[in-house]
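# Results of the structural survey
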Amino acid sequence: MLETISQIWDRYGYVYLQGTWGTVYIALLTVLFGSVLGMLLSVLKMSRFKVLQAVSGFYIWIIRGTPVLLQLYFFYFFLPQYLPFELSEEQCIIMALVVNASAYVAEIIRSGIQAVEIGQTEAAKSLGMSGFHTMTRIILPQAIKNILPALGNEFIVMIKEASLASVFFITEITSAFKTVQSATFITIPALAISGALYLILTTVSSFLMKLAERRLKAND
Amino acid sequence: MINYEREMIRVQGLKKSFGKLPVLCGIDQVIYEGEVVSIIGPSGSGKSTFLRCLNLLEKPEEGQVFFEGAEITNKKLKKKELDQYRQKIGMVFQHFHVFPHLKVIENITLAPILEKKMEKAKAEAMAEDLLKRVGLLDKRDEYPTKLSGGQKQRLAIVRALAMEPQVILFDEPTSALDPEMVKEVLDVIGELTQSGMTIVIVTHEMGFARKVSDRVLFMDEGLVQEEGTPEEVFGNPKGERCKDFLSKVL
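A brief look at the structure comes next. (Residues numbered from 1 in each chain as written. Chains lettered and ligands numbered in written order. Predicted model: local features only at pLDDT ≥ 70, side-chain atom pairs only at ≥ 80, totals over all residues. Heavy atoms only, no water.)

Taken together, A:Ile200, A:Val204, A:Phe207, A:Leu208 and A:Leu211 make up a surface patch of nonpolar side chains, about 480 Å² in accessible area. As for its placement among the helices and strands, A:Phe207 is situated in helix α8 (residues 188–216). (Patch = residues over 30% accessible without salt bridge, like charges linked within 9 Å, V, L, I, M, F, W, Y side chains within 5 Å. Areas by Shrake-Rupley, 256 points an atom, 1.4 Å probe, with all protein chains shown as cover. Salt bridge = Lys/Arg side-chain N within 4 Å of Asp/Glu carboxyl O. Helix = DSSP H or I, 4+ residues; strand = E, 2+ residues; numbered from the N terminus.)

This brings us to the interface of chain B and chain A. In this assembly, 25 residues from chain B lie in contact with 21 residues from chain A. Roughly 2,000 Å² of surface becomes buried between chain B and chain A when both sides are summed, with 59% attributable to carbon and sulfur atoms. Counting every contact that joins chain B to chain A gives 1 salt bridge. One salt bridge connects B:Arg52 with A:Glu122, and the closest N-O pair in it is separated by 2.6 Å. If you look at where chain B meets chain A, you find 7 residue pairs in polar contact (both at pLDDT 80 or more). If you list the elements that add at least two residues to the side of chain B that touches chain A, you get α2 (79–88), β6 (89–92), α3 (104–115) and α5 (149–161) of chain B. A per-class count over the side of chain B that touches chain A returns 14 nonpolar, 5 polar and 6 charged. (Contact = heavy atoms within 4.5 Å. Buried area = accessible area lost by both parts, 1.4 Å probe. Polar contact = N/O pair within 3.5 Å; in protein donor to acceptor, adjacent residues only side chain to side chain. Nonpolar A, V, L, I, M, F, W, Y, C, P; charged D, E, K, R; others polar.)

Another point: the pattern of salt bridges. Under the definition given, this model contains 22 salt bridges over all chains. For A:Glu107, the salt bridge goes to A:Arg64, with nearest N and O atoms at 3.7 Å. Residue A:Glu107 is located in helix α4 (residues 89–114), and its partner A:Arg64 is located in helix α2 (residues 50–65); the two are separated by 43 residues in the primary sequence. Classification of A:Arg64 as partly exposed rests on a relative accessible area of 42%. Counted as one network, the salt bridges with shared partners bring together B:Lys120, B:Glu124, B:Glu128, B:Arg140 and B:Asp141. (Buried < 20%, exposed > 50% of the residue type's maximum accessible area, 1.4 Å probe, protein only.)

In structure tokens, the structure reads:
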């Protein structure tokens, strides 16, 4: 087994490395753009206007209530047909993942903000601070300590969820396995390499997250 | 010290309920400039809610609150105007609510710099003076997590003072403190009562209320049941409720 693995790695290592880069690339883009979109959604959801609340509530309801694979199919077939400009398959899939992540990030941000003690808001108000300053100087700096660790988690989830893109043969770790498997007809060792790569990625990411969290907690 | 010519806060027909539970059932009060008013009474009597209505942390359902003659419960009042009123009415909370992500000095200077456009250097000089007054100057660059409860509350008091308010509201300022820290906080408040500041304080420290107050209000079931000088209320309470309450706490 180990020998087969090492032989596969010698021959197809570059396929796996490309795949690994693909996974990291997809996960990074997804979390980045998903966070931006999620931030917007959470602002809508916490706004005073009922219509905006309803719109973002509806969006989050749909995205969190349907499987991500179904959403990938939807974007894969829908976007190229109805958008006026060309999109690669990879772009369609990444967009679907971004939309999916944004709904979860929106909830992460909202709950992170609401987890800040109400007394902090009251203290800021009692000093006569404006709503804007209360949010930007008092609430958000504290909420970020709740939000960042959860976002890091979301990144690890995305590393694993990006494997769904292999259904569409987008370059990532699980697609790399499929390529190698169909070229060599060797299954388990080829799969084991993919598994090991995922473990390395997730372990390194969670280690980096722990470091970041420790720095955030420096003042607690 | 009390200037009966100038009304600081006037409250008329104040009513408030939480759901079906009535908390304030019609309160009329005038607090004059320089007056020190203590509010005592059993828990659930509406003392804290009354205090929180004075800077609109709670919105009363009926009745009006006036600050220096201007109605702040006016529906047309703009957010910015409300913020400006609140700058003139400081508040100190039972659970301190110091800002944990800011250094001690920043806790004090943040609001004056942001809302009163005070220069940073000036704000810091003022904050250092205030810290010296309450014996916390050596904690200037610490984060509040390093402070004891009593130190946090003293910080919360000078944070309120830094906005140079005309009134300070104290909401049970020593109730969350370990017993050995109560005195250091009461000393600071006691000193403030000597400075001519208008003060409203909700407290369970009867001895303190008796010593520093110009007027004591006894509240129960959402109403001011009895009021008068400390001698009148503590020495010779008239109503049964007040007698009963005082016999339990004194």
